[in-house]
Amino acid sequence: MTRQIQLAPASSAPRRGSEYAQLSRQVKEAGLLERRPGYYVWKIAVTIGMLAAGWTAFAVVGDSWWQLAVAVFLAVVFTQIGFLGYGAGHRQVFGSRRASYVAGVLLGNLGIGLSCGWWVGKHNRHHAHPNTEGADPDIAAGALAFTAAQARASRGLARLVFRYQAYLFFPMLLGEAVSLHAASIRALTSRAARHRPVEAALLAAHLAGYLTAVLLVLSPVKAAVFILVQQGLFGLYLGCSFAPNHKGMPILGPADQSDFLRRQVLTSRNVRGGWLTDFALGGLNYQIEHHLFPSMPRPNLRRSQALTRAFCQQRGVPYCQASLAGSYAQALRHLNTVGRPARPATAA
């Protein structure tokens, strides 16, 4: 069954004098919330250099099946750009809201074809109410069911998918990039979208430039395969980076919320590893620290982990950490469990 924790209702915002305020004070005194401009200048320069190298290799290789190797490389680079756009959206890079937004749309809309404005709005709701039914858009019923109730209420094709979602999860991630592109376009065609002309223009520039380059250099068949491989692996990599964060962690009932500290810690999972894990997951492997301090610069997350873990242990707050393989296993077990009500043998 889906794990739910029933806690006394509380405010969604941190309270002055709360345990979170105590932890925040310790983190601030340790200098862990200070900006790291040197790190981000270096990181952005290297990543943009990788992007330029990838497209240069694309032009040099020409109409060849060796372009599939370039597609794999560009899928990795696109995801790394996505991590930087993620950081900009959380104001990890710049303290200024305006500078953060400009960096976000250049990296997101122009760099990889994903709307920064749409993502920030959606992701802010997730951060405010992680794994909370009816409030977190990331666990709303869609391509996957995250609760048994969602699976039980499903019909038609969705019900069939939910039955086997644990087995279909990784193959479905191959379409994640296309889904995000489509969601970005839908958001920017909405009248409610802020900065719509700028974001739409940058997104259109990305799509036009990407398709023009591919179709000018490659034959139609090779172009189609290149796009499928590059976008498919981009979505797979991006989805695999986010999958360990909350899937399989407790689901909060809509009226049963904990205080800010517990709500963020109990619903998040860290991934153990060294520098390679930090690079591969873009800092998302420190999900607990990130949820507690979303604007903390990426290189400070590792440094804050020991402090945060000790603080939670002193107060009896469970602090979840697993290997990358273990986190995927927990996520898949959860998807398999909540999908059972959609199966004929267990259907009501």
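Refer to the structure above for everything that follows.
Residues numbered from 1 in each chain as written. Predicted model: local features only at pLDDT ≥ 70, side-chain atom pairs only at ≥ 80, totals over all residues. Heavy atoms only, no water.

Student: How would you explain the overall build of the protein chain if you had to name every residue and give the values?
Tutor: In terms of regular secondary structure, the protein chain is built from 16 helices and 4 strands. For 348 residues, the compact-globule estimate of 2.2 N^0.38 gives 20 Å, and the C-alpha radius of gyration of the protein chain, at 21 Å, lies within 12% of that figure. Along the longest, intermediate and shortest principal axes, the C-alpha atoms of the protein chain span 60 × 55 × 40 Å. Counting over 348 residues, the protein chain shows a buried share of 47%. Taking as baseline every contact in the protein chain between residues at least 6 positions apart, the subset at least 24 positions apart corresponds to 72%. A total accessible area of about 16100 Å² is found for the protein chain, and carbon and sulfur atoms account for 65% of it. (Helix = DSSP H or I, 4+ residues; strand = E, 2+ residues; numbered from the N terminus. Rg over C-alpha atoms; globule rule 2.2 N^0.38 Å. Buried < 20%, exposed > 50% of the residue type's maximum accessible area, 1.4 Å probe, protein only. Contact = heavy atoms within 4.5 Å. Areas by Shrake-Rupley, 256 points an atom, 1.4 Å probe, with all protein chains shown as cover.)

Student: Hey, could you go over the side chain of K43 for me, with residue numbers and the actual values?
Tutor: Relative to the assigned elements, K43 resides in helix 2 (residues 37-61). Buried charge without a partner: K43 forms no salt bridge, and the closest opposite charge is D278, 9.7 Å away. Contacts of K43, omitting those with residues within four sequence positions, involve Q80, L84, F279 and R298. (Lys, Arg positive; Asp, Glu negative; His and termini not counted. Salt bridge = Lys/Arg side-chain N within 4 Å of Asp/Glu carboxyl O.)

Student: Before we move on, can you summarise the packing of helix 7 (residues 156-163) against helix 8 (residues 165-173) with the specific residues and values?
Tutor: Orientation of helix 7 relative to helix 8, taken along the N-to-C sense of each, is 100°, at an axis distance of 6 Å. Looking at the two axes, helix 7 sits roughly perpendicular to helix 8. Residue-level inspection shows V161, F162 and R163 of helix 7 in contact with helix 8, the latter providing Q165, L168 and M172. Across the contact of helix 7 with helix 8, the residue classes break down as 4 nonpolar, 1 polar and 1 charged. (Axes fitted to C-alpha atoms, helices over the stretch in contact; angles between N-to-C directions. Parallel < 35°, antiparallel > 145°, perpendicular 65-115°, else oblique. Nonpolar A, V, L, I, M, F, W, Y, C, P; charged D, E, K, R; others polar.)

Student: Before we move on, can you summarise the state of the cysteines with the specific residues and values?
Tutor: Scanning all chains against the criterion turns up 0 disulfides. Cysteine C240 shares no disulfide, and the gap to the nearest cysteine sulfur, in C320, comes to 18 Å. Of all cysteine sulfurs, the one in C320 lies closest to C312, which takes part in no disulfide; the gap is 12 Å. For C312, a relative accessible area of 0% translates into the label buried. (Disulfide = S-S within 2.5 Å.)

Student: So what's going on with the packing of aromatic side chains? Which residues, and what values?
Tutor: This structure, assessed with the given rule, holds 14 aromatic pairs. Plain terms: the ring middles of Y20 and F260 are 4.7 Å apart, the flat faces sit at 70° to each other, and that makes the pair edge-to-face. Separated by 240 residues along the polypeptide, Y20 in helix 1 (residues 19-29) and F260 in helix 12 (residues 260-266) bring together distant segments of the chain. F260 sits in the buried class, given a relative accessible area of 13%. An aromatic cluster of at least three residues, connected via ring pairs, comprises W55, F58, F78, Y210, F226 and F234. (Phe/Tyr/Trp six-rings, centres within 6.5 Å; stacked < 30°, edge-to-face > 60°.)

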